Amino acid sequence: MNTAHTTWQPPLIWRAALLLARGLVGLLARLEVTGDVPAHLRRGPLVLAANHISPFDPVVMAAACQTRGVAPRIMATAGLFRVPAFGAAMRHAGHIRVDRGTSAVHRALDDAATAVARGSVILIYPEGRIGLDPGLWPERGKTGAARLALACGAPVVPVAQWGSHEVLPYQAPRGMLRGVARSLWRRPVIRVHFGTPVDLGETAAAHPGAARRATDRIIDALTDTLAPLRPDEPDLPRHIDPGRPSDSSRVHRRSA
């Protein structure tokens, strides 16, 4: 089927959810969004690659994207799609289910590639999980985001965020009420910055090692984009979540 003229449009339920997310983040925190998405990329094709530090991140990213006129389709864990009513809303909004740890995970990349080819903006967390780096810096990434971009020829914009870890704890919903109550009282600052498109340095996914090298460049770009958002916390975050485990096995080493 020829899809050249079939451009995906965000359904009303997702446009409404973006507005709701902006209101919710504004209630719980002070959102500061800097940088931008080039106007010609706001409706895709585009891959947004974001760091992942909290269960609250998707809400923050939705709010930040709404301020920039972007309605991304999110690659989200399969568990969210199994939640009654919420899962149906996710599917209707056009988000893409990722069955991590199963053979079906490849289907998600195929679905995302089809979506990008039809002009969608895809939001993906290249780390593949909420990061467990001791300093909350971006971890060594999975290759999905890079393979998607290389396969489609779509540009990748790094989106760094900082502060969402102060709203919801890692173990949410456990401790969620306490975190929300604290945020309502303190209203922490959440910063989001849209960086410049990443030069992946490869023209074809078939080149040996292309996906790994492109992934490292994406994580490098995310790290560089995040650094100015946390100038007073260069090593460890001030806010310590006692329920968050620490894992140094995937610490990202900058590519040469």
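All figures in this text were calculated on a predicted structure; none of them were measured in a lab.

Asks: How should I be thinking about the side chain of Glu 166 in this particular structure?
Replies: Mapped onto the elements of the fold, Glu 166 is located in the loop between β6 (156-162) and α7 (176-186). For the buried Glu 166, which has no salt bridge, the nearest side chain bearing the opposite charge is Arg 186, at an N-O separation of 4.4 Å.

Asks: Looking at this model, I keep getting lost on the layout of surface pockets. Mind explaining?
Replies: In this approach, a probe sized like a water molecule rolls over the atoms, and the result shows the empty space that is left. Estimated volume of the largest pocket: approximately 840 Å³. As for the largest pocket, its lining consists of 29 residues, of which Pro 58, Val 59, Leu 80, Phe 86 and Met 90 are closest to the centre. Sorting the residues of the lining of the largest pocket by element identifies α1 (12-28), α2 (57-67), β3 (73-77) and α4 (86-92) as the ones contributing at least two each. Among the elements that take part in the lining of the largest pocket, α1 stands out by supplying six residues, more than any other. A per-class count over the lining of the largest pocket returns 22 nonpolar, five polar and two charged.

Asks: Is there a simple way to explain the sheet that holds strand β1 (residues 30-35) in this structure?
Replies: Sheet strands pair via backbone hydrogen bonds, and the direction of the pair is either parallel or antiparallel. In spatial order, the strands read β1-β7-β6-β2-β5-β3-β4; together these seven strands make up an open sheet with mixed pairing. Because the sheet does not close on itself, it has two edges, and the strands there are β1 and β4 (96-98). This sheet shows a mean twist of 20° between the axes of neighbouring strands, independent of strand direction. The sheet contact formed by β1 and strand β7 (residues 189-194) spans six bridges and is parallel. Paired with Leu 31 across the strands is Ile 190, a residue of β7. Contacts from helix α5 (residues 105-117) reach β2 (46-50), β3, β4 and β5 (121-124), with the element oriented near 160° to β4.

Asks: I would appreciate a short explanation of the packing of aromatic side chains in the present structure.
Replies: Two numbers describe a pair of aromatic rings. These are the distance of the centres and the angle of the planes. Per the counting criterion, the structure on display carries zero aromatic pairs. Lying over the aromatic face of Trp 137, Arg 230 brings its terminal NZ or CZ to 4.0 Å of the ring centre.

Asks: What is the right way to read helix α8 (residues 210-226) from this model?
Replies: Note: α-helices contain 3.6 residues per turn, so residues at a spacing of three or four share the same orientation. In this model α8 runs 24 Å from its N-terminal to its C-terminal C-alpha over 17 residues, within 8% of the 24 Å that 1.5 Å per residue would give. Summarising burial for α8: 13 of the 17 residues are buried, a large majority.

Asks: I'm lost on the environment of Gly 195 in this one. Help?
Replies: In this fold, Gly 195 is placed in the loop between β7 and α8. Sequence separation between Gly 195 and Leu 41 is 154 residues, and the spatial gap between their C-alpha atoms is 13 Å. Beyond its immediate chain neighbours, meaning those up to four positions away, Gly 195 contacts Asp 36, Val 157, Pro 158 and Thr 225.

Basis of the calculations
- Residues numbered from 1 in each chain as written.
- Predicted model: local features only at pLDDT ≥ 70, side-chain atom pairs only at ≥ 80, totals over all residues.
- Heavy atoms only, no water.
- Helix = DSSP H or I, 4+ residues; strand = E, 2+ residues; numbered from the N terminus.
- Buried < 20%, exposed > 50% of the residue type's maximum accessible area, 1.4 Å probe, protein only.
- Lys, Arg positive; Asp, Glu negative; His and termini not counted.
- Salt bridge = Lys/Arg side-chain N within 4 Å of Asp/Glu carboxyl O.
- 1 Å grid on protein atoms, 1.4 Å probe; cavity = no way out; pocket = protein on both sides within 12 Å on 5 of 7 lines; lining within 4 Å.
- Points joined across faces, edges and corners; volume = space filled by probe spheres on them.
- Nonpolar A, V, L, I, M, F, W, Y, C, P; charged D, E, K, R; others polar.
- Pairing = 2+ DSSP bridges.
- Axes fitted to C-alpha atoms, helices over the stretch in contact; angles between N-to-C directions.
- Contact = heavy atoms within 4.5 Å.
- Phe/Tyr/Trp six-rings, centres within 6.5 Å; stacked < 30°, edge-to-face > 60°.
- Lys NZ or Arg CZ within 6 Å of the ring centre and 35° of its normal.
- Expected span 1.5 Å × (residues − 1).

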